[in-house]
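Coordinates in review
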Amino acid sequence: MAITDIRAFSHLTEDDIVALANEFDAIRRDVENSRGPRDARYIHSVIRLQRVLEVAGRCALFGSRRRSRWLIGTAALSLAKIIENMELGHNVMHGQWDWMNDPEIHSTSWEWDQTGPSEHWKRAHNYAHHTYTNIVGMDEDVGFGILRMTRDEKWRPINLLQPFANVVLALTFEWGIALHDLSAKKEAEGVPPAQWNSGPNREFAVKAGRQVVKDLVFFPALTGPAWRSTLSANLTANVIRNIWAYLVIFCGHFPDGAEKFTAEHYENETRGEWYLRQLLGSANISGGRAMDFLTGNLSYQIEHHLFPDLPSNRYPEIAARVRALCGKYDLPYTTGSLARQYWLALRTIHKLAVPDRFLKATSDDAPETSSERKFDRWRPDVPAPATEASTGRHRGLLTALRVHAEHAVAERRRRRGESRRRQRSAAV
Amino acid sequence: MGLKEWIEKPAAHVAPGEKSLSNVLRGAVARLTTPLLPDDYLHLVNPLWSARELRGRIVSVRQETPDSATIVIRPGWGFDFGYAPGQYIGIGLHIEGRWHWRSYSLTSAPTRDDKVISIAVKAMPEGFLSSHLVGGVPEGTVVRLAAPQGDFVLPDPPPAKILFMTAGSGITPIMSMLRTLDRRAVAREIDLPDVVHIHSAPTAENVMFRSELERFDATHDRFRVHVRHTREKGKFALSELDEVCPDWRERQTWACGPQQMLDDITAYWTTEGIEDRVHLERFAVSRADTSGSGGTITFAKSGKTVTVDGATTILEAGESVGALMPFGCRMGICQTCVVPLEKGHIVDLRSGKEHAEGERVQTCISAAAGDCTLDV
């Protein structure tokens, strides 16, 4: 069972959670009040860079019959598409730049370079995913309806194909997202899924058609004799962008430590608990400024989920404050390298392809999901939440997790010893 | 759908109604640059080439009085110079990373000849944007523009007898009318209609367009200006009209100035039973009602209105009267409920920040600050 009671899970008192909410609110206020010309310059230069890269890439591909030009053109185009999707499209449509009051860089007017229409994506992502983050059954982004990413979901025979489905999803990610958003849009509008000429279907067909024709017909045709190599370059750029977007999303939501929640919890959630759910439900990717930029600052997935509408270029400074708060309230801050985070997600994908009877851990205490019940067995040994009067430091989840881990290690050792003894006595 | 329409389609919403080759070309290229438009690339080269929205460039700033200036703007692609004298435009300036949006009366006469328009701005003591425009906007600055609008206009042909009553910066829309009359008189070699202009300003040096008014007075026999310096002689009393302009009851009157003056004029004309002969421009700067007392919200598209307190969100208010409101998370994170604020002010309940017309607002976390209109 995923987390039903985040207060019990976080080992914080009600007052602690209220205090924590105030601290998060203060971060929001400070950033909101200090948005200004520096931020505006940032987004303008990203837009300029993206457009220059795209034009340069398209131009280079006129000579794409030469291998070097093909490589340069494909690299520039891939990079342009990655920047357009991550740092621009995703963030602009979150309303991160709405404060500038610029109709051209605004959540209501931006259309992105992907097969799915922005309108559909905003409904599924900004609303469903960001409101119901990681609530099993409410947040459709948990596994995108294709993968079983938590053992809170029942195993079905189709899950045996998961390792294969995962590769297909990575390669065609924009289509996966587009179809996922389309069904969310249909559900929101109450259109029967089978009705082929519904509004959402038409919007999807127009957008996807335009995208396909642009990359796979118009531009190749435009380069004349180089059409074949331009076509392969455009396809490659789209796939590279797809894999990258897939990687970033999976590393932000599915490594161990990114917790899942139940709908029961959501029903009576306070503002502080909402913040806690975002914090505990997401994972960061550690890396340098280049990593931050290429992921559209979604390497700060935790900060993004806490403050989805604050400008992305401010996430590094927000992260410093969030980490400090995690220290003060004794909460985990899940982060790791891209390779590590992806390895953890990959492990879950493959593990959960098989039925539960082959799995050891329970859904209360598994690497990819846990609940407040994971502490039940050793509850007497887990110290109660408290605040150290001298330092103001709170005792919370990290301390509990440490005690839990120590017990788990001790138990594993004991069991190993036991089985060895048994083997020895059997041998004798 | 014909071929031409099909080609134009991707760019159709950019400059609707414009039936020109440029739209066909734009649409064709848009198919290559989708989802961006050619403009998104072009305006990086020249900001005035944006056809997503009207843009303009400030060509000169001319001091009118110590606290007012005329701003001359060269509009970019798509601007229609066929506006009516007396109309106003929306203008947006990029200051401190944000676009700030206000409306100002045009002072220029509508003509395609000079390819420029002008507005006159008086610096208000607390007016952030007006002070910036008067005091320090550099020539060459690119501004956003909204098409001219408003029905405080001079008809063509004008009535034979006109009375203009203005005070302070209320003279600006009248200036456009005067310049238009002057231009027509010269171009068509006709006489000006019979115009009396009563204008009030604190002192002589506060009179905007003073030399131009004097020139009109000198060159046109049928134009008479009466300037009142209120610091010396006090406010112009409407009872003085009989003396200054005895036939005022027979004239079509255009009046623009402070709220009080307009209220007085309405009352005076109504008691005379000639309220249909007066045209008013409510010029006073509308300010947010920060008392937090809410106001009447009008939902323009659905035509519904509702009066609410300062704690009710606009989303709740709209839903309570059945306006078609987009909604999402109801906590200010998902931006699904964002709609344009057409008129008035709203307050962000989370930060207390104020938003004014020309901005798009999140209805789920905003409340009315005085009367406002939303485009939904």
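Below, the structure is looked at part by part. (Residues numbered from 1 in each chain as written. Chains lettered and ligands numbered in written order. Predicted model: local features only at pLDDT ≥ 70, side-chain atom pairs only at ≥ 80, totals over all residues. Heavy atoms only, no water.)

What chain A contains, in helices and strands, is 16 helices and 4 strands. For 428 residues, the compact-globule formula gives about 22 Å, and the C-alpha radius of gyration of chain A, at 24 Å, lands near that figure. Buried residues in chain A amount to 56% of all 428 residues. In chain A, the proportion of contacts linking residues at least 24 apart, taken out of those at least 6 apart, comes to 72%. Carbon and sulfur atoms make up 59% of the accessible area of chain A, which amounts to about 18,200 Å² in all. (Helix = DSSP H or I, 4+ residues; strand = E, 2+ residues; numbered from the N terminus. Rg over C-alpha atoms; globule rule 2.2 N^0.38 Å. Buried < 20%, exposed > 50% of the residue type's maximum accessible area, 1.4 Å probe, protein only. Contact = heavy atoms within 4.5 Å. Areas by Shrake-Rupley, 256 points an atom, 1.4 Å probe, with all protein chains shown as cover.)

A word on the interface of chain A and chain B. Every contact between the two is made by 43 residues of chain A and, on the other side, 36 residues of chain B. On the chain A side of the contact with chain B, Arg-51, Asn-101 and Glu-104 of chain A bury the most area, a combined 20% of that side's loss. Linking chain A with chain B are 3 salt bridges. Our enumeration of links across chain A and chain B arrives at 14 residue pairs in polar contact (both at pLDDT 80 or more). The biggest single contributor to the side of chain A that touches chain B is helix α3 (residues 37–60) of chain A, with 8 residues. Of the residues assigned to the side of chain A that touches chain B, the class counts are 13 nonpolar, 14 polar and 16 charged. (Buried area = accessible area lost by both parts, 1.4 Å probe. Salt bridge = Lys/Arg side-chain N within 4 Å of Asp/Glu carboxyl O. Polar contact = N/O pair within 3.5 Å; in protein donor to acceptor, adjacent residues only side chain to side chain. Nonpolar A, V, L, I, M, F, W, Y, C, P; charged D, E, K, R; others polar.)

The subject of this paragraph is the side chain of Ser-176 of chain B. Residues and elements named next belong to chain B. As for its position among the elements, Ser-176 is in helix α5 (residues 171–187). Among the residues examined, Ser-176 registers a relative accessible area of 0% and is labelled buried. Ignoring sequence-local partners within four residues, the contact set of Ser-176 consists of Pro-85, Gly-86, Leu-106, Thr-107, Ser-108 and Ala-109.

In this section: unusual backbone geometry. Residues and elements named next belong to chain B. The omega angle of the peptide bond from Thr-34 to Pro-35 is 5°, so this bond is cis rather than trans. Along the chain, Pro-35 falls in the loop between α2 (21–33) and α3 (38–45). Residue Pro-157 follows Asp-156 across a cis peptide bond; omega there is 0°. Within the fold, Pro-157 resides in the loop between β6 (142–149) and β7 (161–167).

Turning next to the packing of helix α8 (residues 199–222) of chain A against helix α9 (residues 227–253) of chain A. All names here are of chain A. Across the interface, α8 lies against α9 with an axial gap of 8 Å and an inter-helix angle of 145°. The two elements α8 and α9 meet at a crossing, and its hand is right-handed. Where α8 approaches α9, its residues Asp-215, Leu-216, Phe-219, Pro-220 and Ala-221 are matched on the opposing element by Trp-227, Thr-230, Leu-231, Asn-234, Leu-235 and Asn-238. Partitioning the contact of α8 with α9 into residue classes produces 7 nonpolar, 3 polar and 1 charged. (Axes fitted to C-alpha atoms, helices over the stretch in contact; angles between N-to-C directions. Left-handed = near helix turned anticlockwise from the far one by under 90°.)

Each regular strand carries side chains that alternate between the two faces of the sheet. Residue and element names in this part refer to chain B. The sheet contact formed by strand β12 (residues 295–299) and strand β13 (residues 304–308) spans 5 bridges and is antiparallel. Of the residues in β13, the one forming a bridge with Ile-297 is Val-306. Counting the residues that bridge the hairpin from β12 to β13 gives 4 residues, and of these Gly-303 lies at a positive phi of roughly 70°. (Pairing = 2+ DSSP bridges.)

As for its position among the elements, Arg-228 of chain B is in strand β9 (residues 223–229). Discounting residues that sit within four places of it in the chain, Arg-228 of chain B has contacts with His-199, Ser-200, Ala-201, Lys-233, Gly-234, Lys-235, Phe-236 and Glu-240 of chain B.

With that settled, the discussion passes to a positive patch on the surface. All names here are of chain A. Together, Lys-351, Lys-360, Arg-412, Arg-413, Arg-416, Arg-420, Arg-421 and Arg-424 make up a region of like positive charge exposed at the surface. Of all the elements, helix α16 (residues 397–427) adds the most residues to the positive patch, at 6 residues. Its place among the elements puts Arg-413 in helix α16. (Patch = residues over 30% accessible without salt bridge, like charges linked within 9 Å, V, L, I, M, F, W, Y side chains within 5 Å. Lys, Arg positive; Asp, Glu negative; His and termini not counted. Charge placed at Lys NZ, Arg CZ, Asp CG, Glu CD.)

Now for the pattern of salt bridges. Tallied over the full model, the rule gives 53 salt bridges over all chains. With a shortest N-O distance of 2.6 Å, Arg-277 of chain A and Glu-269 of chain A are connected by a salt bridge. Pair check on accessibility: Arg-277 of chain A and Glu-269 of chain A agree, each one buried. Between Asp-375 of chain B and Lys-301 of chain B there is a salt bridge, with the nearest N and O atoms lying 3.8 Å from each other. Remark: Lys-301 of chain B occurs in the loop between β12 and β13 and Asp-375 of chain B occurs in the segment after β17 (366–374); sequence separation between them is 74 residues. According to the relative accessible area criterion, Asp-375 of chain B is partly exposed, its value standing at 24%. Among the charged side chains, a network of salt bridges with common partners joins Glu-54, Arg-58, Lys-81, Asp-113, Lys-214 and Asp-215 of chain A.

Moving on, we come to the sheet that holds strand β5 (residues 117–122) of chain B. Residue and element names in this part refer to chain B. Strand order in the open sheet formed by 6 strands is β4-β3-β6-β1-β2-β5, and the pairing between neighbours is antiparallel. The outermost strands of the open sheet, each flanked by one partner alone, are β4 (98–105) and β5. Averaged over neighbouring strand pairs, the angle between their axes works out to 35° when direction is ignored.

Let us now look at a nonpolar patch on the surface. A grouping of Ile-158, Leu-161, Phe-164 and Val-168 of chain A is seen on the molecular surface, where their side chains present a nonpolar patch of about 400 Å² in accessible area. Residue placement: Phe-164 of chain A occurs in helix α6 (residues 162–171).

Glancing now at the environment of Leu-306 of chain A. Residue and element names in this part refer to chain A. Among the secondary structure elements, Leu-306 is positioned in helix α13 (residues 301–306). With relative accessibility at 1%, the residue Leu-306 sits in the buried group. Expressed as a C-alpha distance, the spacing of Leu-306 and Ser-282, which sit 24 residues apart in the sequence, is 9.4 Å. In this structure Leu-306 touches Phe-24, Trp-274, Tyr-275, Gln-278, Leu-279 and Val-322, once residues within four positions along its chain are discounted.

What follows is about α5 of chain B. Because each turn of an α-helix spans 3.6 residues, side chains separated by three or four positions end up pointing in the same direction. Residue and element names in this part refer to chain B. If you check α5, its first and last C-alpha atoms are 24 Å apart, about what 17 residues at 1.5 Å a residue would give, namely 24 Å. Burial analysis of α5 places 14 of its 17 residues in the buried class, which makes it a mostly covered element. Glu-189 sits one or two positions beyond α5 and adopts a positive phi of about 50°. (Expected span 1.5 Å × (residues − 1).)

Glancing now at the sheet that holds β9 of chain B. Residues and elements named next belong to chain B. Pairing is parallel in the open sheet, where 5 strands are placed in the order β9-β8-β7-β10-β11. The outermost strands of the open sheet, each flanked by one partner alone, are β9 and β11 (278–282). The sheet shows a mean angle of 10° between the axes of neighbouring strands, direction not considered. Here 5 bridges tie β7 to strand β10 (residues 252–257), and the two strands are oriented parallel to one another. Looking across to β10, one finds that Met-165 is bridged to Ala-255. With respect to the sheet, helix α9 (residues 259–271) is in contact with β7, β10 and β11, its orientation differing from that of β11 by roughly 160°.

Residue and element names in this part refer to chain A. Tracing the backbone through its elements, the reader meets Ala-233 in helix α9. Residue classification places Ala-233 among the buried positions, given a relative accessible area of 0%. A sequence separation of 13 residues divides Ala-233 from Pro-220, and the C-alpha atoms of the two residues are 9.2 Å apart. If we ignore the near neighbours within four places in the chain, the residues touching Ala-233 are Leu-61, Trp-70 and Thr-74.

With that out of the way, let us pick up the packing of aromatic side chains. Residues and elements named next belong to chain A. Scanning the entire structure with this criterion turns up 23 aromatic pairs over all chains. Taken together, a centroid distance of 6.3 Å and an interplanar angle of 40° make the contact between Trp-97 and Trp-99 tilted. Residue Trp-97 is classed as buried on the basis of its relative accessible area of 0%. Assessed through its relative accessible area of 9%, Trp-99 is described here as buried. Ring pairs connect the aromatic residues Phe-144, Phe-173, Tyr-246, Phe-250, Phe-254 and Tyr-342, which therefore count as one cluster. Here Arg-58 stacks its cationic end above the ring of Phe-219, 4.0 Å away from the centre of that ring. (Phe/Tyr/Trp six-rings, centres within 6.5 Å; stacked < 30°, edge-to-face > 60°. Lys NZ or Arg CZ within 6 Å of the ring centre and 35° of its normal.)

Residue and element names in this part refer to chain A. Its 14 residues give helix α15 (residues 338–351) an end-to-end C-alpha distance of 20 Å, which sits within 8% of 20 Å, the value for a rise of 1.5 Å per residue. Those residues of α15 lying buried are Leu-338, Gln-341, Tyr-342, Leu-344, Ala-345, Thr-348 and Ile-349. Angular distribution of buried residues about the axis of α15 spans 155°; they occupy a single face of the element. Opposite its buried face, α15 presents the exposed residues Ala-339 and Trp-343, each directed more than 90 degrees away. Lining the buried residues of α15 we find α6, α9, β1 (284–286), α12 (289–294) and β2 (335–337). (Arc of directions from axis to C-beta.)

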